[in-house]
Amino acid sequence: MFDVSKWQQIRTLLASLTPAREIRVIAVSKGQGVAEIRAAAEAGVRLFGESYVQEALEKQAQVGRTDLEWHFIGRIQRNKTRLIAAHFHWVHGVTEEGQARRLSEIRAGEGQTPLSVCLQVNISGEASKGGVSPAQLPELAEAVAQMPGVILRGLMAPPAPLLGGDEATRRHFAALRQQLEWLRAAGHALDTLSMGMSGDYPLALEEGATLLRLGTILFGRREN
Ligand SMILES: *Cc1c(COP(=O)(O)O)cnc(C)c1O
């Protein structure tokens, strides 16, 4: 069940940061039912994150609100690209030029407003983590920035390494922020650092996150 008091606590924490900065929270509603999403929307949540296209589309239709902003945070499967482009406002986790190009073509071709995208960077270099390598990032950013149907907003961190404790997690986030700074220095106007989940968002905030992705802490355990 959506935890209104936890949501309010987090809002209060974000409002108290000094210096003040704008931080947005995505309520990650994958595995949660329509009633939970409605309850969250009633409490003022406007950003929702989903990882599975079919599940998301069914729930979007049932929730039936047009004032919500939907973020796709799952793996982008090629055969789902059209649905993702049509039914989401943001896509995190773009890792290849071809993905961005397909999203852009669909979006531009249908005359819709451009889709906001973040590039997922494989900061830790672990083979199991998806993402563009830091070495390939500048070239990918350059390509995506030229595409008419997408707007490059920033970078997304995959989950932090399990081992190494807080210090390793902090380094992980700091490394992503460094990549964002370099892209900015190269002339990209980027406003988003999508990092921090239920278990590590305080560290992500300290390291400059602008967009948190919170699931379990807001909704409790989920089905998938
Ligand atoms: C599920 C998921 C989250 C939310 O994780 P919690 O630990 O439940 O907060 C955030 N980001 C991504 C990419 C996810 O898949």
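Keep in mind that this is a model prediction, so the values were computed, not measured.

S.K.: Mind showing me how you'd approach the overall build of the protein chain here?
M.R.: What the protein chain contains, in helices and strands, is nine helices and eight strands. Since a compact globule built from 224 residues should have a radius of gyration of about 17 Å, the 17 Å found for the protein chain is in line with a globular shape. Projecting the C-alpha coordinates of the protein chain onto the three principal axes gives extents of approximately 45 × 45 × 35 Å. Partitioning the contacts of the protein chain with sequence separation of at least 6, the portion at a separation of at least 24 is 59%. Carbon together with sulfur atoms contributes 50% to the accessible area of the protein chain, which is approximately 10700 Å² in total.

S.K.: Which parts of the structure should I look at to understand unusual backbone geometry?
M.R.: If a residue is not glycine, its phi is most likely negative; likewise, a peptide bond is most likely trans. Of note, the bond from Thr18 into Pro19 is cis; its omega dihedral lies within 30 degrees of zero at -10°. Along the polypeptide, Pro19 turns up in the loop between helix H1 (4–15) and strand E1 (24–28).

S.K.: What is the right way to look at the UniProt feature "domain: Alanine racemase N-terminal" (unreviewed entry) in the protein chain in this model?
M.R.: UniProt marks residues 23–221 with the feature "domain: Alanine racemase N-terminal" (unreviewed entry), using the numbering shown here. Annotated as residues 23–221, this span is 40% helix and 19% strand, and its ends, taken at the C-alpha atoms, are 24 Å apart.

S.K.: Hey, could you run me through the site of the ligand in this one?
M.R.: Taken together, Val28, Lys30, Ser51, Ile73, Met156, Met197, Ser198, Arg213, Leu214, Gly215, Thr216 and Arg222 make up the full set of residues adjacent to the ligand. The side chain of Lys30 places a nitrogen or oxygen atom 2.7 Å from an oxygen atom of the ligand. Taking 390 Å² as the accessible area of the ligand by itself, protein coverage stands at 86%. Partitioned by chemical class, the residues of the shell around the ligand number five nonpolar, four polar and three charged.

S.K.: Would you mind going over the pairing of strand E8 (residues 211–214) with me for this structure?
M.R.: The side chains of a regular strand alternate, residue by residue, between the two faces of the sheet. Where burial is concerned, the two faces of E8 agree: the one with Leu211 and Arg213 and the one with Leu212 and Leu214 are both buried. Of the pairings in the sheet, the one linking E1 to E8 comprises four bridges and is parallel in character. Of the residues in E8, the one forming a bridge with Ile26 is Arg213.

S.K.: Would you mind going over the pattern of salt bridges with me for this structure?
M.R.: Pairing of side chains with opposite charge becomes possible as their charged atoms draw close. Scanning the entire structure with this criterion turns up 13 salt bridges. For Arg46, the salt bridge identified is with Asp67, shortest N-O distance 3.5 Å. A residue pair is termed long-range when its members are at least 10 positions apart, and Arg46 in the loop between helix H2 (34–42) and strand E2 (47–50) and Asp67 in the loop between helix H3 (53–63) and strand E3 (69–72) qualify at 21 residues. Overall, the relative accessible area of 31% leaves Arg46 in the partly exposed class. Among the ionic pairs, Arg65 bridges to Asp67, the shortest N-O distance being 2.8 Å. The partly exposed category is assigned to Arg65, whose relative accessible area is 26%. Residue classification places Asp67 among the partly exposed residues on the basis of a relative accessible area of 38%. Residues joined by salt bridges that share partners form a network here, namely Glu167, Arg170, Arg177, Glu206 and Glu207.

S.K.: Sorry, what's going on with the pairing of E3 here?
M.R.: Burial of the side chains of E3 extends over both faces: Glu69 and His71 are buried on one face and Trp70 and Phe72 on the other. The sheet contact formed by E2 and E3 spans four bridges and is parallel. Considered in E3, the bridge of Glu50 is made with Phe72. Chirality of the crossover, the property in question, places the unit of E2, H3 and E3 among those that are right-handed. Inspection of the sheet shows E3 paired to strand E4 (residues 90–94) by two bridges, in the parallel sense.

S.K.: Could you clarify how one ought to interpret the packing of aromatic side chains in this entry?
M.R.: Evaluated as defined, the whole model comprises four aromatic pairs. On the basis of an interplanar angle of 50° and a centroid distance of 6.4 Å, the ring pair of Phe2 and Trp7 is categorised as tilted. The same class applies to Phe2 as to Trp7, namely buried. Aromatic rings pair up to connect Phe2, Trp7 and Phe219 into one cluster.

Definitions and limits used
Residues numbered from 1 in each chain as written. Predicted model: local features only at pLDDT ≥ 70, side-chain atom pairs only at ≥ 80, totals over all residues. Heavy atoms only, no water. Helix = DSSP H or I, 4+ residues; strand = E, 2+ residues; numbered from the N terminus. Rg over C-alpha atoms; globule rule 2.2 N^0.38 Å. Contact = heavy atoms within 4.5 Å. Areas by Shrake-Rupley, 256 points an atom, 1.4 Å probe, with all protein chains shown as cover. UniProt positions renumbered as here; feature names shortened; annotations may be inferred. Near = heavy atom within 4 Å. Polar contact = N/O pair within 3.5 Å; in protein donor to acceptor, adjacent residues only side chain to side chain. Nonpolar A, V, L, I, M, F, W, Y, C, P; charged D, E, K, R; others polar. Buried < 20%, exposed > 50% of the residue type's maximum accessible area, 1.4 Å probe, protein only. Pairing = 2+ DSSP bridges. Salt bridge = Lys/Arg side-chain N within 4 Å of Asp/Glu carboxyl O. Right-handed = clockwise from strand over helix to strand, strands pointing away. Phe/Tyr/Trp six-rings, centres within 6.5 Å; stacked < 30°, edge-to-face > 60°.

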